[in-house]
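Chain by chain, the residues run as shown.
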Amino acid sequence: MITSETRRSLEDQKILSDFDFLLRSDTADTSQQGPAAPASGRRRSGRTECPRRKRGKRGGLHARLKARAMRPPLPSLLLANVRSLENKLDELRARITTQREIRDCCALILTETWLSDSTPDSAIQLQTHSVHRGDRTAASGKNKGGGVCVFVNNRWCSDIKTVEKHCSTDLELLMVKCRPFYLPREFSAVFILAVYIPPRANSATALGLLHDAISKQETAHPDAVFIVAGDFNHCNLRTVLPKYHQHVSFPTRENNILDQVYSNVRGGYKAAARPHFGRSDHISVFLYPAYRQLLKQAPPATLKTTKGPDRYDLRRSIRQAKRQYRVKLEGCYNTSADSRRMWQGLRHITDYQQRSREVTTSHTTLPDQLNEFYARFEALNPDRQRGVYGRGEHAETHRSL
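Please read all numbers here as calculations on a predicted model, not as lab measurements.

**A short note on unusual backbone geometry**
Of note, Ser84 is a non-glycine position whose phi angle comes to about 85 degrees, a positive value. For Ser84, the position within the fold is in the loop between strand S1 (77-81) and helix H4 (89-98). Taking the relative accessible area as the measure of exposure, Ser84 reaches 12% and is therefore buried. The phi dihedral of Glu254 falls on the positive side, at around 55 degrees, and the residue is not glycine. Within the fold, Glu254 resides in the loop between strand S9 (245-246) and strand S10 (259-263).

Structure representation (structure tokens):
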């Protein structure tokens, strides 16, 4: 039977909810025995306390990217097939203004921009991003459609260089090289490739051109990160570059995975679906960086110290050797019989090097050189020659010798 004091102690420890079954049985027993005594102390509240959550902070890729928006190990990306960028600029600016995820995104990769040379950069410029375009030209055999574009966040990187542009009937490619403000030490640069392969393109030719462009930069920058994103349609980059990894695992248009993202970092990204722009028939893809730099992957270095009798024996031996050496030095100083040995010991301790006292030819001519040097002042001073040492009435003179 649980008394009122036991009940009070359980309430103080906030574990009363775990013993409800005991309290119910206790109440049933007392009701059978007779009226219960009035309870003393605090009253029980009617609600049941929930189990406590462990203290800490939220984890996951979303929280990690939110905490380090402009300093991620790999750039966060948004891939979208916009199908004409000019009539979707208002929506793009509205998303950047209202959605923190898009505003803090490191790079926006857009395909099928349908831009041409007649559209200036100022018409599509964003305040927070730099624009890099790869418009469709006459070499593609078509006058409309196509085109790729990359918007790079100015807070993430300002050192950007367009490395290569290519436009043909089989492939439209734009490659930019980025040196962001923060990058893990195992990477030297970040190459972002925006790709658009038309539906009727020759896949072998398109993948061959793409392979040559990537291999050329991989040879020049072996430690760089390569991110290939765009609308591949019926092509698969892993047929020519098997070491690259595809990060999009859900359909982007109907039941097909047309918008794909490849990189040379295994497990570098995790893709998430986002709404499409306007009336585009392709959904957008947002990529969270899931890579952890090698500095955080490696276990922390620990310094092992020796504990036990060996450690104390070493200390005891060092103290004993110091004591013996001190006694030896004091013995050399106290004994006056052999002073030569004492001075030799001091010379050895202080590493004293005695200078040679050999007389050189320059020492013999030094007095004559000094005499000539100071005599020239007397020749230039007329008062010295007349024997006048002062001016005025009390000037003193002396008879020259």
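**Side note on helix H6 (residues 203-220)**
End to end, H6 covers 26 Å across 18 residues, agreeing with the expected 26 Å (1.5 Å per residue, within 8%). Burial in H6 covers these residues: Ala206, Leu207, Leu210, Ala213, Ile214 and Gln217. For H6, the angular spread of the buried residues around the axis is 130 degrees, confining them to a single face. Away from its buried face, by an angle of more than 90 degrees, H6 presents the exposed residues Ala204, Lys216, Thr219 and Ala220. Of the surrounding secondary structure, the elements contacted by the buried residues of H6 are strand S5 (159-167), strand S6 (172-179), strand S7 (190-196) and strand S8 (225-231). Sitting at the head of H6, Asn202 places a side-chain oxygen 3.2 Å from the backbone nitrogen of Ala204.

**Re a nonpolar patch on the surface**
A contiguous nonpolar patch, built from Leu366, Leu370, Phe373, Tyr374 and Phe377 and spanning about 500 Å² of accessible area, is present on the exposed surface. On the basis of relative accessible area, Leu366 is assigned to the partly exposed category, the value being 41%.

**Concerning the sheet that holds strand S11 (residues 269-274)**
Read from one edge to the other, the open sheet built from six strands follows the order S3-S4-S2-S1-S12-S11, with strand pairing classed as mixed. Only two strands of the sheet have a single partner each, and these edge strands are strand S3 (129-134) and S11. Within the sheet, the average angular offset between the axes of one strand and its neighbour, ignoring direction, is 20 degrees. Bridge count for S3 against strand S4 (residues 148-153) is six bridges, and the pairing is antiparallel. Bridge pairing in S4 links Ser130 to Val152. Across the face of the sheet, H4 comes into contact with strand S2 (107-111), S3, S4 and strand S12 (284-289) while running at roughly 160 degrees to S2.

**A look at the pattern of salt bridges**
According to the stated counting rule, one finds ten salt bridges in the structure shown. Note that Asp104 is salt-bridged to Arg100, the shortest N-O span being 3.3 Å. Several salt bridges converge on common partners, so that one network encompasses Arg100, Asp104 and Arg155.

**Describing the environment of Thr169**
Here Thr169 is to be found in the loop between S5 and S6. Aside from chain neighbours lying at most four places away, what touches Thr169 is Ala139, Ser140, Gly141, Pro198 and Ala201.

**Digging into the pairing of S2**
Judged by how many residues are buried, S2 sits mostly within the fold: five of five residues are covered. Neither face of S2 is exposed, since Ala107, Ile109 and Thr111 on one face and Leu108 and Leu110 on the opposite face are all buried. Of the pairings in the sheet, the one linking S1 to S2 comprises five bridges and is parallel in character. Bridge pairing links Leu79 to Ile109 in S2. Pairing geometry for S2 and S4, over five bridges, is antiparallel. Residue pairing across strands places Thr111 opposite Val148, the latter belonging to S4.

**Some thoughts on the pairing of S7**
Among the seven residues in S7, seven count as buried, and that is most of the element. Sheet topology places S6 next to S7; seven bridges connect them, and they run antiparallel. Across the sheet, the residue bridging to Cys178 is Val190, located in S7. Direction of pairing for S7 relative to S8: parallel, over a ladder of seven bridges. Paired with Leu193 across the strands is Val228, a residue of S8.

**Some remarks on the side chain of Gln293**
Within the element layout of this structure, Gln293 appears in the loop between S12 and helix H7 (294-297). At 3.2 Å, the side chain of Gln293 and the side chain of Tyr182 are in polar contact. Once residues lying within four places of it in the same chain are set aside, the contact partners of Gln293 are Arg68, Pro73, Tyr182, Pro184 and Glu186.

**Points about the environment of Glu186**
Here Glu186 is to be found in the loop between S6 and S7. Counting along the chain gives 38 residues from Glu186 to Ala224, while the straight-line C-alpha distance between them is 8.5 Å. Setting aside its immediate chain neighbours within four residues, Glu186 contacts Asp223, Tyr291, Gln293 and Leu294. A distance of 2.6 Å separates polar atoms of two side chains, one belonging to Glu186 and the other to Tyr291.

**Looking at H4**
Each full turn of the α-helix corresponds to 3.6 residues, which orients residues three or four apart in the same direction. Among the residues making up H4, those that are buried are Leu89, Leu92, Arg95 and Ile96. Around the axis of H4, the buried residues are gathered within 125 degrees of arc, so they sit on the same side. Exposed residues on H4 whose side chains face more than 90 degrees from its buried face are Asp90, Thr97 and Thr98. Residues of H4 that are buried sit in contact with helix H5 (100-103), S2, S3, S4 and S12.

**Things to note about the packing of aromatic side chains**
Per the counting criterion, the structure on display carries five aromatic pairs. Geometrically, the ring pair formed by Phe286 and Tyr288 is edge-to-face, given 4.9 Å between the ring centres and 65 degrees between the ring planes. A residue is classified by how much of its surface remains accessible, and Phe286, at 0% relative accessible area, is buried. A ring pair is formed by Phe373 and Tyr374, whose centres lie 5.2 Å apart and whose planes are at 80 degrees; its orientation type is edge-to-face. On the basis of relative accessible area, Phe373 is assigned to the partly exposed category, the value being 38%. Arg95 extends its terminal NZ or CZ atom over the ring of Phe277, reaching a point 4.0 Å from the ring centre.

Definitions and cut-offs
- Residues numbered from 1 in each chain as written.
- Predicted model: local features only at pLDDT ≥ 70, side-chain atom pairs only at ≥ 80, totals over all residues.
- Heavy atoms only, no water.
- Helix = DSSP H or I, 4+ residues; strand = E, 2+ residues; numbered from the N terminus.
- Buried < 20%, exposed > 50% of the residue type's maximum accessible area, 1.4 Å probe, protein only.
- Expected span 1.5 Å × (residues − 1).
- Arc of directions from axis to C-beta.
- Contact = heavy atoms within 4.5 Å.
- Polar contact = N/O pair within 3.5 Å; in protein donor to acceptor, adjacent residues only side chain to side chain.
- Patch = residues over 30% accessible without salt bridge, like charges linked within 9 Å, V, L, I, M, F, W, Y side chains within 5 Å.
- Areas by Shrake-Rupley, 256 points an atom, 1.4 Å probe, with all protein chains shown as cover.
- Salt bridge = Lys/Arg side-chain N within 4 Å of Asp/Glu carboxyl O.
- Pairing = 2+ DSSP bridges.
- Axes fitted to C-alpha atoms, helices over the stretch in contact; angles between N-to-C directions.
- Phe/Tyr/Trp six-rings, centres within 6.5 Å; stacked < 30°, edge-to-face > 60°.
- Lys NZ or Arg CZ within 6 Å of the ring centre and 35° of its normal.

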